[in-house]
Amino acid sequence: MGRTFRMILCDQLQWGAAGCPLTPPLDLELPKGSLTAVIGSNGCGKSSFLKVIAGLQRPLSGRISVSAPRFGGIGYLVQQQAIDRQFPIDLRELVSAGFWGQRLDAGQRRQRLEQVLFEWQLDGLEARPLQALSGGELQRALLARASLMQASLLLLDEADAALDDTGQTLFWRHIHDWVRTGRTLVVVSHDLGRVRQEIGQCLVIDRLGCRYGPSGSLIGEAAYCQVA
Amino acid sequence: MIDQLWQPFIEFTFMRRALLGGLLLAVSAAPLGVFLMLRRMSLIGDAIAHGILPGAALGFWLAGLSLVAMSLGGLLAGLAVAGFSALVSRRTGLREDASLAAIYPISLASGVLLLGLAGKRLDLLGLLFGSALAVDAETLRAILWVTLGSLAVFAAIYRALLLDSLDPLFLRRVSRYGPITHGLFLGLVVLNLVVGFQAIGALMMVGLMMLPAAAARFWSRRLLNLIAIAALIGMASVWAGLLLSYYASLSSGPSIVVMAGGAYLFSVMCGPVHGLFRRRYLSIPQ
């Protein structure tokens, strides 16, 4: 596969706390525009893997290369948002941070913002202070902020966890929209049924060895293993 | 009666200078105080203010009672204290407040020892608590430049600073300016404390920075309003504090801070945003 078509390349990659890698060395190549689920039990190293891709954590050994610009190229939604709810700004200001580094005039920004708020069913909540938002609303606001970014790679760490049924539907619809517009997505989720239904390829992270392949077969296998 | 609120400032040049210097400092310190509060770094100003001492003492030792030498020394010491503690916490994982709490007593103690070595005893109390009534034209000009400069820098880094305080991980992903913003912000805090120690004393300057910011929190939920309210509370405290110090023959720095403290207590009780006397109080910080 040519360099231009590749988004992520892991070469004998290991990660985790110093001295105790979480998995055997991983070789993996994810093309541009691909959609990949990352699954595995608690503590297996899914979140750390995303951090390594995002460049926020150094790998223990091996190499990883990501063909996205260092700044603004990767949208990363962390698992537990440490956002201070007392921070005196409103939802509109939080979402607008997604415009960082883009050259748009005020009219374009307003139009784009309105559209994204509508898409995430946040219209009407623009002026709410962060304190008055529910967990799911805050999560949708952060997803809306990611929508505004020009990131070619999106890393979502259990971004569906706080969402209700409607939110889930919105979430998965956006995942497919993002892929359709050429973005690459890596999604961590515990909702195996949904993953199996919505995402074609998945990476199972396991301390005995990671497996990458069609979700249909891998998830069936994982469920089987749990029973046994 | 009303005349008495203005009369001292009209009659005496030193009162006018003190007022002008104090008002400028209040405006310049307000946004810094608000952001220190939002970043949960409210006590860092206090630590830095103590850290300034050895630099000022060294300046005094080398060049005598020279304003420029003492300010420069204070500035360097303050930046060193803030920078070293930031370095320790970034490289070793020691929390930044613990790191600062460890270095400022070292700094304070060595400052007192340096002053002792200098032989002549510089008025330590004067350095920590200052005297607004001693603001001369030169100091006033310095305060004016620092105010203009720090407001300009603050405006330039405002957006990055906001994101760095709210969601540093996000800023790190979209921009390279996170660490620079953090550094510039701490630099501004040090600069304001140093220029403030001439006028109302390093320790009192911390009060003028933090009290209006903490008080403003009870009046608005919007960031820009918070900054404006903090500046207004600071300015009112300077004015009322100088009058108190004039009519009651009290030391000016503490008078100003006591007034700011009064504004804070009033806000805690009566402020519309989670004040004590409001029905919808917030007992657990969320």
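For the structure itself, consult the block above.
Residues numbered from 1 in each chain as written. Chains lettered and ligands numbered in written order. Predicted model: local features only at pLDDT ≥ 70, side-chain atom pairs only at ≥ 80, totals over all residues. Heavy atoms only, no water.

### Considerations on the sheet that holds strand β4 (residues 26-31) of chain A
All names here are of chain A. What counts, and what does not: In this scheme, strands are said to pair when DSSP sees at least two bridges between them. Strands here mean DSSP runs of E at least two residues long; helices mean DSSP runs of H or I at least four residues long; both are numbered from the N terminus. A fitted line through C-alpha atoms represents every axis, and for helices the fit uses only the stretch in contact; the resulting angles, taken between N-to-C directions, go from 0 to 180 degrees. Note on contacts: a residue pair is in contact if any heavy atoms of the two residues lie within 4.5 Å.
Ordered in space as β4-β1-β6, the 3 strands form an open sheet in which the pairing is antiparallel. Only two strands of the sheet have a single neighbouring strand rather than two, namely β4 and β6 (61-66). Recorded for the sheet is a direction-independent mean angle of 5 degrees between the axes of neighbouring strands. Two strands pair when backbone bridges link them, and strand β1 (residues 6-14) and β4 are joined in this way by 5 bridges, in the antiparallel orientation. Paired with C10 across the bridge in β4 is L28. In the packing of helix α1 (residues 46-54) onto the sheet, contacts are made with β1, β4 and β6, and the angle to β1 comes to roughly 120 degrees.

### A few points about helix α3 (residues 44-63) of chain B
Definition in use: Here a helix's expected span is defined as the number of its residues, less one, multiplied by 1.5 Å. Buried means the residue's accessible area, taken with a 1.4 Å probe over protein chains only, is under 20% of the maximum for its type, while exposed means over 50%, and partly exposed covers the values in between.
When the terminal C-alpha atoms of α3 of chain B are compared, their 29 Å separation across 20 residues agrees well with the 28 Å that a helix rising 1.5 Å per residue should span. Among the 20 residues of α3 of chain B, 15 are classified as buried, and the element is accordingly described as predominantly covered.

### With respect to the sheet that holds strand β8 (residues 153-157) of chain A
All names here are of chain A. Taking strand neighbours across the sheet as the criterion, the 6 strands line up as β7-β8-β9-β5-β10-β11 in an open arrangement whose pairing is mixed. Each edge of the open sheet is held by one strand with a lone partner, namely β7 (74-77) and β11 (211-214). With direction set aside, neighbouring strand axes in the sheet form an average angle of 15 degrees. Across 4 bridges, the pairing between strand β5 (residues 35-39) and strand β10 (residues 201-204) is parallel. Among the inter-strand pairings, V38 is bridged to a residue of β10, identified as L203.

### What about the nonpolar core?
Our working definition: The criterion is simple. A nonpolar core is a set of buried Ala, Val, Leu, Ile, Met, Phe, Trp, Tyr and Cys residues joined through side-chain atoms within 4.5 Å.
Ranked by size, the top nonpolar core spans 126 residues in total, and within it L94, L143, L156 and F171 of chain A together with F35 and L193 of chain B carry the most contacts. It is helix α2 (residues 13-38) of chain B that provides the largest number of residues to this core, a total of 14 residues. For L94 of chain A, the residues in contact, after removing those within four places along its chain, are I83, I89, L130, L138, A141, L142 and R145 of chain A together with L166 of chain B.

### As for unusual backbone geometry
Residues and elements named next belong to chain B. The phi angle at R40 is positive, at roughly 55 degrees, despite the residue not being glycine. Tracing the sequence through the fold places R40 in the loop between α2 and α3. Phi is positive for H274, close to 60 degrees, though the residue is something other than glycine. Position of H274 relative to the elements: it lies in the segment after α12 (252-270).

### Here's the deal with the packing of aromatic side chains
The test is simple: Put simply, two rings from Phe, Tyr or Trp (the six-membered ring, in Trp's case) pair if the centres are within 6.5 Å, and we call them stacked under 30 degrees between planes, edge-to-face over 60, tilted for the rest. Two limits define a charge over a ring: the Lys NZ or Arg CZ must be within 6 Å of the ring centre, and within 35 degrees of the ring normal.
Summed over all chains, the structure comprises 12 aromatic pairs over all chains. On the basis of an interplanar angle of 65 degrees and a centroid distance of 5.6 Å, the ring pair of F35 of chain B and F154 of chain B is categorised as edge-to-face. With a gap of 119 residues between them, F35 of chain B in helix α2 and F154 of chain B in helix α7 (residues 137-166) connect regions that are remote in the sequence. In this structure F154 of chain B comes out as buried when scored by relative accessible area, which is 7%. Seen from their ring centres, W219 of chain B and F266 of chain B are 6.2 Å apart, and the 25 degrees between their planes marks the pair as stacked. Here F266 of chain B lies in helix α12 and W219 of chain B lies in the loop between α10 (202-216) and α11 (223-247), a separation of 47 residues in the sequence. A residue is classified by how much of its surface remains accessible, and W219 of chain B, at 32% relative accessible area, is partly exposed. In textbook terms, an aromatic cluster arises when at least three aromatic residues are bridged by ring pairs, as seen for F12, F14, Y246 and Y247 of chain B. Over the ring of F170 of chain B we find R145 of chain A; its NZ or CZ atom is 3.7 Å from the centre of that ring. A cation sits over an aromatic face here: R217 of chain B above F218 of chain B, 4.9 Å from the ring centre.

The quantities given are spatial measurements derived from coordinates; they are silent on function.
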